[in-house]
Every structure is written in structure tokens, then in C-alpha cells.
Number of protein chains: 4
Amino acid sequence: MKDNNFSNLSAVFVNCTLKKSPALSHTSTLMDVSKSIMKKENVMVEEIRFIDHDVASGVYPDMKTQGWEKDEWPELFSKIFAADILVIGTPIWLGEKSSEAQKLIERLYSMSGQTNEKGQYLFYGKVGGTVITGNEDGVKHCAMGILYALQHVGYSIPPQADCGWLGDIGPGPSYGDTEWNGKKLKTSIGFDSDFTNRNTTFMTYNLLHLANLLKSNGGYPSYGNSRSEWDAGTHWNFENPEYR
Amino acid sequence: MKDNNFSNLSAVFVNCTLKKSPALSHTSTLMDVSKSIMKKENVMVEEIRFIDHDVASGVYPDMKTQGWEKDEWPELFSKIFAADILVIGTPIWLGEKSSEAQKLIERLYSMSGQTNEKGQYLFYGKVGGTVITGNEDGVKHCAMGILYALQHVGYSIPPQADCGWLGDIGPGPSYGDTEWNGKKLKTSIGFDSDFTNRNTTFMTYNLLHLANLLKSNGGYPSYGNSRSEWDAGTHWNFENPEYR
Amino acid sequence: MKDNNFSNLSAVFVNCTLKKSPALSHTSTLMDVSKSIMKKENVMVEEIRFIDHDVASGVYPDMKTQGWEKDEWPELFSKIFAADILVIGTPIWLGEKSSEAQKLIERLYSMSGQTNEKGQYLFYGKVGGTVITGNEDGVKHCAMGILYALQHVGYSIPPQADCGWLGDIGPGPSYGDTEWNGKKLKTSIGFDSDFTNRNTTFMTYNLLHLANLLKSNGGYPSYGNSRSEWDAGTHWNFENPEYR
Amino acid sequence: MKDNNFSNLSAVFVNCTLKKSPALSHTSTLMDVSKSIMKKENVMVEEIRFIDHDVASGVYPDMKTQGWEKDEWPELFSKIFAADILVIGTPIWLGEKSSEAQKLIERLYSMSGQTNEKGQYLFYGKVGGTVITGNEDGVKHCAMGILYALQHVGYSIPPQADCGWLGDIGPGPSYGDTEWNGKKLKTSIGFDSDFTNRNTTFMTYNLLHLANLLKSNGGYPSYGNSRSEWDAGTHWNFENPEYR
């Protein structure tokens, strides 16, 4: 590994807006700030708009085996799994991440019964973050749920792995809007937020640093965390508290 | 760094029970499982029972500067800051982490205006996890809030950085209890939970692996995440979206 | 109103399972306990399985106006709006309500720009609760989000308006299961939980009492809460704090 | 009951700021807007600043029985219990309600083993709401937890029972501030927020309407929700699902 050289990394951004393409997604506008940094750092970047795909609901790896006629999750999973970094983007509705974001989490979770060649959960060694936009409230709450889900299925979370934009409380323009209630705004709203810009930048670089570090070290050693070894009876230095 | 050699690491476990010593804390009983693994791996381990200390409320580094007569936070902070790993333990009340856990988070947050010699937030390079016990419900919800707070102030979160124990829904024995409602139980409750034992073990080793990796690499490079450099005008490859 | 006579009330239960009919839904099994009480009390009861319907995603009353080809929400809304009581049922995935439950909330929220003949938000005078099932963790967290959303769009929440069932931590049988891992269980799991039975009963009766009280009083007076009057300049006894 | 006559009602506002008197509390400033409406409606109103009192931690009605030297909770409980309405005010720290708010909830919960003369949980028939202030994010998340706790211990929640103020994302002035970063602001920040003013007004009147309705009807009938009757074997129309 060379510090600050990220050219062998790849990232997938999954946008969980409720709007199908080509409708404008404010979440996508903020994800672009992070994607743009990554591209300049020679990271391979792809964006998926989740709602554009015919993804089934459920908690099996392929819902076509459960009676659903269509399920594009296996294809999307291949892309997500091939990348070192996953960034989940979501709008906020009533203080919560979108139903599409929750659906994505359910499908990530549907893979959690599977293990890698070391016997670890599939997503070990990968790194995750989140980008959140709303009018007024909820970035931290949505981030809590999303980052929790990511670490639960095996992603590692670097410092300050979330970013977002919110305006004043109450209805108002969304990130990047150039007019509101029929009035032109001086600038695209939010673009001049030093707080959002800084957090987006720090998140991006922290994802890159941790992904770099983990990738160059071959991910996590399986000592102490291999599900298959545990099930086979290896418990390392764990001792049942009853017998301590 | 040698893989799986953790002897140069240190960890602090902060127990946020509402009960002062020497009252039995079920959270402490589960933390012991993790601590015991660490000790066998030659990690230096310390446990702090937060409520035993006279910690002031507030969001300044030392509340004695704000009119409080006593504040033991500065001493506790020194210990927490000296350790590579922080594990926050909490009981669950009404589905939420304890008021002591929230107070600890407020005091960790009170340090977040300070930066290290690279200009990064203070806790960069350190690793965090959480241990949670309750009768019936709430491990994941409490973990969401605690892990979010840890990553927000700079800790890194490895995969599956939480563990806990819960019984059936409704009132019941707590982790490690040997009797309930006046009846002797066959074994200490929860000690035979393969799920809790495995999660506690995996959390422990993942904390060790990530702390090892970060420590042996000198923490995070400051490229892209130094607050002082950002404030001085260095923005790396960030570009204001207005001008892209 | 006659106390304890509920025969002029109606209730809709919306099941937000991820499984399409006719697959067994454990959430439905627990909702049946509440529905059965209501039926014996001569309440008109209907259950909707949300995922069986082709409901569009988004935050407009009818997404067909936004380019979606199909949207069954308007028909479902008519049923929900006609009822005095709404009970949202959900399974728990990764500690959160299902994506279908979040989608339902988004669609309820999509109606929140509309007001009734008194100028109040549409759902004023109606009463809401929630039924939640999972293997091990998350009833309270899911209930927090669902009950919050219900009161936000105008529902009133009586005491103890949630109920649920959870087993021990870790994988296990779901509510009502009669076998697990290939082994027959002595009884349907959870059916003998006094805690779940009591909470389900209390929730049901509290929903009925409050709905009865509100209906027989014509809902909330519009004094102090009419959006149209506020917008027209009536502020009752509110005084701008700047001029107090 | 006479509609819109609230003169026989009383309310307690508990401010869960981390700052002791006489320090300025922004949360108190917003609570004043609601209190002022109530006073003009001839409601008896009292405000308690929780941190000014020596309240012990724990989940027993009086922690002096558990070895704590002091515990002012019993006196505070008397006041809270005497009032028809409870409004919990809290600042937001790291997206969560304050540790003082969580402590208050723990102490409310500590009373939940007790029942009234009908055998119902103690707080049945009372009404609750919440007032939240922060710089930038978290009103809805904090409200979720607080309103959930209130309904869990027996309070009823009317529509739109929360209000709050937030500024743009990032550091900034707090509610009512007249200067920020050394610069005078044109007006007290937030005072001109139609959204906050409206929500505060609607919350206040909805609390009054529902408290009025419940009080004039003698609270909830005990049919279907009496803990003591349930324990004695009365199950009304509940039927064990095993035998249905």
C-alpha cells in the first residue's frame, strides 16, 4: 500500500431516492460531491439508483426462488460485492431513511448467512458510509440506522462516515435547489455550507484510507471471527462464563 | 505489526449501569467475557463504572470552568484517551441506553472541538464497540446510538462491533442471574447462549484486529481529513459543486 | 357515547410483512389476537396486506400523476381514511420496521398537505397503534418510529398503544410457529406469553376507548389547531416571543 | 366539560437542559411560548428544571431505599403526578435527547409498577408532549423516544404533540439567541419561524383538548386495561390464540 494512493479501489454509491430516473434527486447531487473527489483520486466509481431496478422484497438472496417473478437484486449485489466501498444515499421522510434504503438493507441482510473463504461474513474487509439529504431534520437519525446495518453485515466504519445537508426547520428548498416557492435563489442551496462540504470531504477520504488499509492487508485475519471455525468448535480465547 | 499479536494494545471498558458499586451489574458480567478474552491476549484492560465517579453534566471539557464544584471527567478522559479501544457498556431502560451512557457520550462530544497533532479530531485512530444487556428488547437500538456517537467523535467501528443479551419478551431474569422470582435457575441465565457468546467473541477480536492495524500504521493519514488544514484552506480534491 | 360499547367503530389493520399472500405472516398471527377482540366487541374490522397491492413509491397522494403507471394507494387510503382506528403491523429486520411499513408511512405522509372541513390535518380524531413481531429484538424501536409517524399525521395515541412478541436473542422460531429447526414445539410459540397477551389486549381496548371518546365528541375542536385558520392569521393565544 | 375552557387543567413542564439555573436555557425559551398560551387559557402551569434538583439515578420510586443519600424524585413526582399534562423539554446532543431527559424517563418508568384505584398504570388519563431545541438536527428523533416513553407509562398523545426549532446544518445560534460568533443578529433567532410557532401552538392546544376530554370523562374506563383485573384472571374478550 502506498498512503494516499487510492487507484486500486472501487466504490458503489446506491441512491435510495423514491424518484425514478430521470427525475432530479437531491441526494444524488450531494453524492456527486463525494464521487467527484473519488474520481479525481482515480477510484473506480459507480452509482446505482435503486428504484430504477425491479428489486423484490424479502430476505432471501434471490426472491425468484420464493415465487417472485422478477428480482434484479442478484445483479446489483454482484456490483456492490465487487466494490471495496459502499455508500448508501437516502432522502429523509418523516425523520427516517426512505423505504428504498430499508429495502436495500433487507437485501444486504439477506446475504448475511453466507461466508467468505475465511468463514467470515461476506462483507468483511469492505468499508461503508452514508450520504443523507432532507429539508430540515434527520441526518443523524438516518445515519445511525444505516451505519449500524452496514457494520452488522460486516462493513467497517471509519470516523465521521456520514454527511448530509439540512435547511432550517420547516418546509424549504432541498440540497442544490436554485429556486423555492417560485423565487430564484442567489446560489444553489447548500453548496456553500462549509459544514456539509467538510463532512463530505472527510467522509470520502476516511472511507478511502480505511479501504486502502484493509485491502492492502488482505482484510481481517480470521482469527477470532470465523463463523465456520466457531461452528466447528474453535473458540480461541473465549471461555464460557459459567466455567471461569 | 504481527497479525494476532495484541500485546501492545490497551482497552477501557466504561460500564454505564445505573447502579453504584458494589451492586451487581449484569452489564459488567457480560463485559467480563470480552475483557477476559482481551486479558488472555495480553491486552491491558481497565474497567470504569461511570456512576461511581462524580462526573458533571455538560458539554465542556471541564465543567469546573462552568461553575460546577466537582467534575471527575478530566481524569476519566485521560484514561479513555490513553487506550486504543473503548467499549461502552449499558443496560437498556424503556428500549434506550441508560442516562449514564448518554452522559458519557455528551462528555466524549465535549472533547470534539479539540484536534490531535495532525489536526484530526482527537479520537481518530482509536476503535470502539459496545456491550448491552437487558431483559427483553433493545440491543440493536442502543447499539445504533452508541456506535454512531463513537464514529462521530472519531472512533473506527469494525464489523459486528456490538454484542448483548436479551431474554424473552416481558419481565425476566437478567444476564447471569441464577434465580428469578425466588426460584433457582439451572444455570446462570444467558451463559449458554451461543449467539451472545459468539457475538461477544467476534466483537472482541474485531476490535483487536482493527486497533492493531490502525496503531501499526500510525492511525489515519491526515490527507483529506485534517480539520486544521481544512480551516486553513486546503481542500484536497474537494470542489465546490457550484463551480463543477 | 355509551362506555364500553364499541359497535359504531371501525378499524383497519395494515400488515407490512414482506411476504405476499398466501404465505404465512407471523405478524398477521399476532394481529389476529387484537382483531378477534375487536370483532367480539362488534367493531367492523378489515385487514390489508400492503405488499399484495401495487402501491407506488413517493410522497404524492396519487403517484399516477407523477409518471407511475400503477398506484393502488388511493383505494387503500379510502379504506384507511374511512376507519376510526389504524393499526400498523410490521416484522422487524435488523432492528427496524420493514421497508413496507416505511413505504406506508411515506404514503400516509403524502396526504398530510390536505385538511378536513375544520382545517385540521386529515387524520385528526382518529386513533392509531402498532403490532410488531420479530425473533429477538426491536419491538420498542419499531414502535417509536411508527407511533411517532401516526401522531405526526394526526392520529391520537392512547396509553400502551403497541404490542409485540420476541423470543430469546439469536435465531429462533417466530410468533406462532409450531416447529423450529425441524423439531416440533409443544405449543405455538408465544401464544402463552402473558406479557404479549396482556399488552395486545390493553392496546386493543385503549384504542377502542379513545376512538369512542373522540368520535362521540366529534373529534378535536378546531380551536387552536386549524391549519387554514392559522394561515388566515388566527393565532388564538399564541404570541410571538419577540413581542412578549 | 365546556369545549375550549381549560381553566380546570394543570400542566408541568420539565426542562431537561444540562445547564443549572440561572444559566440561560434555549429549551426554556421555547417552552415559554407554550406556557404563555396555557397561562392565557387559565391553565395552572409550573416549570421544573430537572438538573437543579438532586435526583438519584435508578429505577425505584425512591432511591433512598437503595442506598442513595439524597433523592428529590419523590417530591418532583408528586408535582408531575398532580398535573393533567406533562411536557418534557430537551436540548439535542449528538442527535439524541439529553442525559437528563433519559434520567427523567427512567424515573417515570420507576413508577410503572404502581397502579391507580382502577388498577390501571398510574399515568392513565394524563396527556403528554415534548419541546425540543437544537442547532441543526434531531427534533423528530428525540420526539420519537420521548413520546414513546410517555405513552408506554400511560400518557395519551394527541396529534402533533411535539414542537421544536433547528437552524441550518452545522454550528450556529440556538433558539432565541440575539448574537452569534460575536455578531448581533437582527432578531432573536427562531422567533419568526412560522413552522415552529404553528407547531408549538397546535401542540399546546391539542394537549389541552385531549386533557380536557379525558378529565371530563374520568379518564379511561378500566374495561380491558386494568392490570389488577387481568392478574386476577379477567381477560374480557381476549382469547388465547392456541384455543381459537
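So, a few notes on the structure that sits alongside this text. (Residues numbered from 1 in each chain as written. Chains lettered and ligands numbered in written order. Predicted model: local features only at pLDDT ≥ 70, side-chain atom pairs only at ≥ 80, totals over all residues. Heavy atoms only, no water.)

1. Some thoughts on the environment of leucine 213 of chain C
Residues and elements named next belong to chain C. As for its position among the elements, leucine 213 is in helix 5 (residues 194–216). Classification of leucine 213 by relative accessible area gives buried; the value is 5%. In the structure, leucine 213 is positioned 92 residues away from tyrosine 121 in sequence and 19 Å away in space, judged by C-alpha atoms. (Helix = DSSP H or I, 4+ residues; strand = E, 2+ residues; numbered from the N terminus. Buried < 20%, exposed > 50% of the residue type's maximum accessible area, 1.4 Å probe, protein only.)

2. Quick notes on the packing of helix 3 (residues 99–109) of chain D against helix 4 (residues 139–153) of chain D
Residue and element names in this part refer to chain D. Relative to each other, helix 3 and helix 4 sit at 10°, their axes nearing to 10 Å. Regarding the angle of helix 3 to helix 4, the classification is roughly parallel. On helix 4, the residues touching Ile105, Leu108 and Tyr109 of helix 3 are Ile146, Ala149, Leu150, His152 and Val153. The residue inventory of the contact of helix 3 with helix 4, partitioned by class, reads seven nonpolar, one polar and no charged. (Axes fitted to C-alpha atoms, helices over the stretch in contact; angles between N-to-C directions. Parallel < 35°, antiparallel > 145°, perpendicular 65-115°, else oblique. Contact = heavy atoms within 4.5 Å. Nonpolar A, V, L, I, M, F, W, Y, C, P; charged D, E, K, R; others polar.)

3. A word on the pattern of salt bridges
Across all of its chains, the model carries 47 salt bridges over all chains by this definition. The partner of glutamate 46 of chain A in a salt bridge is lysine 79 of chain A, with the nearest N and O atoms 3.0 Å apart. With a gap of 33 residues between them, glutamate 46 of chain A in strand 2 (residues 44–49) and lysine 79 of chain A in helix 2 (residues 73–82) connect regions that are remote in the sequence. You can call lysine 79 of chain A partly exposed: its relative accessible area is 38%. The shortest N-O distance in the salt bridge between lysine 40 of chain B and glutamate 239 of chain A comes to 2.5 Å. Linking lysine 40 of chain B in helix 1 (residues 26–40) with glutamate 239 of chain A in the segment after helix 6 (227–231), this pair reaches from one chain into another. Exposure remark for lysine 40 of chain B: the relative accessible area of 37% places this residue in the partly exposed category. You can call glutamate 239 of chain A partly exposed: its relative accessible area is 29%. (Salt bridge = Lys/Arg side-chain N within 4 Å of Asp/Glu carboxyl O.)

4. What to know about the interface of chain D and chain A
Each side of the interface is counted separately: chain D has 21 residues, and chain A has 21 residues. For the pairing of chain D and chain A, the buried interface totals around 1,700 Å² over both sides, and the portion due to carbon and sulfur atoms is 60%. Counting across the interface, chain D meets chain A through two salt bridges. (Buried area = accessible area lost by both parts, 1.4 Å probe.)

5. Structural notes on the relation of the copies chain B and chain A
Turning chain B through 180° and shifting it by 0.0 Å along the axis lays it on chain A, with an RMSD of 0.0 Å. Such a turn and shift between the copies fits a two-fold axis. When the interface residues of chain B are mapped onto chain A, 100% of them again lie at the interface, so the same face is used by both copies. (Least-squares fit on C-alpha atoms with pLDDT ≥ 70 in both.)

6. So, helix 5 (residues 194–216) of chain D
All names here are of chain D. Here helix 5 spans 33 Å end to end across 23 residues, near enough to the 33 Å set by a 1.5 Å rise per residue. With respect to burial, helix 5 is a largely interior element, 20 of its 23 residues being buried. Looking one or two residues past helix 5, glycine 218 carries a phi angle of roughly 70°, positive in sign. (Expected span 1.5 Å × (residues − 1).)

7. Focus: the packing of aromatic side chains
If you walk through the whole model with that rule in mind, you get 68 aromatic pairs over all chains. Their ring planes at 75° and their centres at 5.1 Å tell us that tyrosine 205 of chain C and tyrosine 223 of chain D sit as a pair that is edge-to-face. With tyrosine 205 of chain C in helix 5 and tyrosine 223 of chain D in the loop between helix 5 and helix 6 (227–231), this residue pair bridges two chains. Three or more aromatic residues link up through ring pairs in this structure, and these residues are Phe6, Phe202 and Tyr205 of chain A together with Tyr223, Trp230, Trp236 and Phe238 of chain B. Here the basic side chain of lysine 126 of chain B rests over the ring of phenylalanine 81 of chain B, its NZ or CZ set 4.9 Å away from the ring centre. (Phe/Tyr/Trp six-rings, centres within 6.5 Å; stacked < 30°, edge-to-face > 60°. Lys NZ or Arg CZ within 6 Å of the ring centre and 35° of its normal.)

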